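Structural overview
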Amino acid sequence: PGHRAFLRYTEDISKNNPGGLKGRKNKPKVVIQHENEREPNRCFVRLYKLYQSKCPPNRPKHAFYLQPLKKPTADCWYSSCPIGHCTLSGTVARMCKAADIPGFK
């Protein structure tokens, strides 16, 4: 009791944090997401754990978004191949358009 699960994301080198000598003075951005016990169906921590459990064990460490299997099994829903940058960008653009969120092309 009193111990809730959480995820911690620490930003690495990115467009806003390019690294190098200038970037050494910047602290990396850290975001913590706590478990949502009131609405477990909307709990990001639970959904992340489910996603992780359906990924193959030989998944590349650097890849977060993986290609879905054409014939998923009960234990594995994704291949070990990461989704390409252009495919992911196109998917996000379609989702933004469908949700009527402006500004993403």
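Residues numbered from 1 in each chain as written. Predicted model: local features only at pLDDT ≥ 70, side-chain atom pairs only at ≥ 80, totals over all residues. Heavy atoms only, no water.

**Focus on the overall build of the protein chain**
- The helix and strand tally for the protein chain stands at three helices and four strands.
- Here the protein chain holds 105 residues, and 17% of them are scored as buried.
- For the protein chain, long-range pairs separated by at least 24 residues make up 23% of all intrachain contacts whose partners lie at least 6 apart in sequence.
- Counting every atom, the protein chain has about 9,400 Å² of accessible surface; 57% of that belongs to carbon and sulfur. (Helix = DSSP H or I, 4+ residues; strand = E, 2+ residues; numbered from the N terminus. Buried < 20%, exposed > 50% of the residue type's maximum accessible area, 1.4 Å probe, protein only. Contact = heavy atoms within 4.5 Å. Areas by Shrake-Rupley, 256 points an atom, 1.4 Å probe, with all protein chains shown as cover.)

**Overview of the layout of surface pockets**
- Of the volumes computed, that of the largest pocket is approximately 450 Å³.
- If you list the elements that add at least two residues to the lining of the largest pocket, you get β1 (6-10), β2 (30-34) and α2 (44-53).
- No other element matches the four residues that β1 contributes to the lining of the largest pocket.
- The class makeup of the residues in the lining of the largest pocket is seven nonpolar, two polar and two charged. (1 Å grid on protein atoms, 1.4 Å probe; cavity = no way out; pocket = protein on both sides within 12 Å on 5 of 7 lines; lining within 4 Å. Points joined across faces, edges and corners; volume = space filled by probe spheres on them. Nonpolar A, V, L, I, M, F, W, Y, C, P; charged D, E, K, R; others polar.)

**As for the environment of S79**
- Tracing the chain through its elements places S79 in strand β4 (residues 78-82).
- On the basis of relative accessibility, which here comes to 16%, the residue S79 falls in the buried class.
- Measuring from C-alpha to C-alpha, the distance between S79 and P68 comes to 6.0 Å, with 11 residues separating the pair along the chain.
- Discounting chain neighbours no more than four positions away, the residues touching S79 are P56, L66, Q67 and L69.
- Engagement of the side chain of S79 in a polar contact is seen with the backbone nitrogen of C81, the distance being 3.1 Å. (Polar contact = N/O pair within 3.5 Å; in protein donor to acceptor, adjacent residues only side chain to side chain.)

**Regarding the packing of aromatic side chains**
- Overall, the coordinates contain four aromatic pairs when judged by the stated rule.
- Between F64 and Y65 the ring centres are 4.8 Å apart and the planes differ by 90°, which places this aromatic pair in the edge-to-face class.
- The exposure class of F64 is partly exposed, given its relative accessible area of 36%. (Phe/Tyr/Trp six-rings, centres within 6.5 Å; stacked < 30°, edge-to-face > 60°.)

**Notes on the environment of P60**
- When you line up the elements, P60 lands in the loop between α2 and β3 (66-68).
- Taking the C-alpha atoms as reference points, P60 and S80, 20 residues apart in sequence, are found 6.8 Å from one another.
- Ignoring any residue separated from it by four or fewer positions in sequence, one finds P60 in contact with S80 and P82.

**With respect to helix α3 (residues 85-98)**
- Over its 14 residues, α3 runs 20 Å from end to end, which matches the ideal 20 Å to within 8%, given 1.5 Å per residue.
- Within two residues after α3, D100 carries a phi angle of roughly 60°, on the positive side. (Expected span 1.5 Å × (residues − 1).)

**Notes on the confidence of the model for the protein chain**
- The predicted model of the protein chain has a mean per-residue pLDDT of 85, with 83% of residues at 70 or higher.
- By mean pLDDT, helix α1 (residues 20-23) is the weakest element of the protein chain at 58, and β4 is the strongest at 95. (pLDDT = per-residue confidence, 0-100.)

**Some words on the side chain of K54**
- Tracing the sequence through the fold places K54 in the loop between α2 and β3.
- As a buried residue without a salt bridge, K54 has its nearest oppositely charged side chain in D75, at a separation of 5.5 Å.
- Residues in contact with K54, not counting those within four places in the same chain, are A74, D75, C76, W77 and Y78. (Lys, Arg positive; Asp, Glu negative; His and termini not counted. Salt bridge = Lys/Arg side-chain N within 4 Å of Asp/Glu carboxyl O.)

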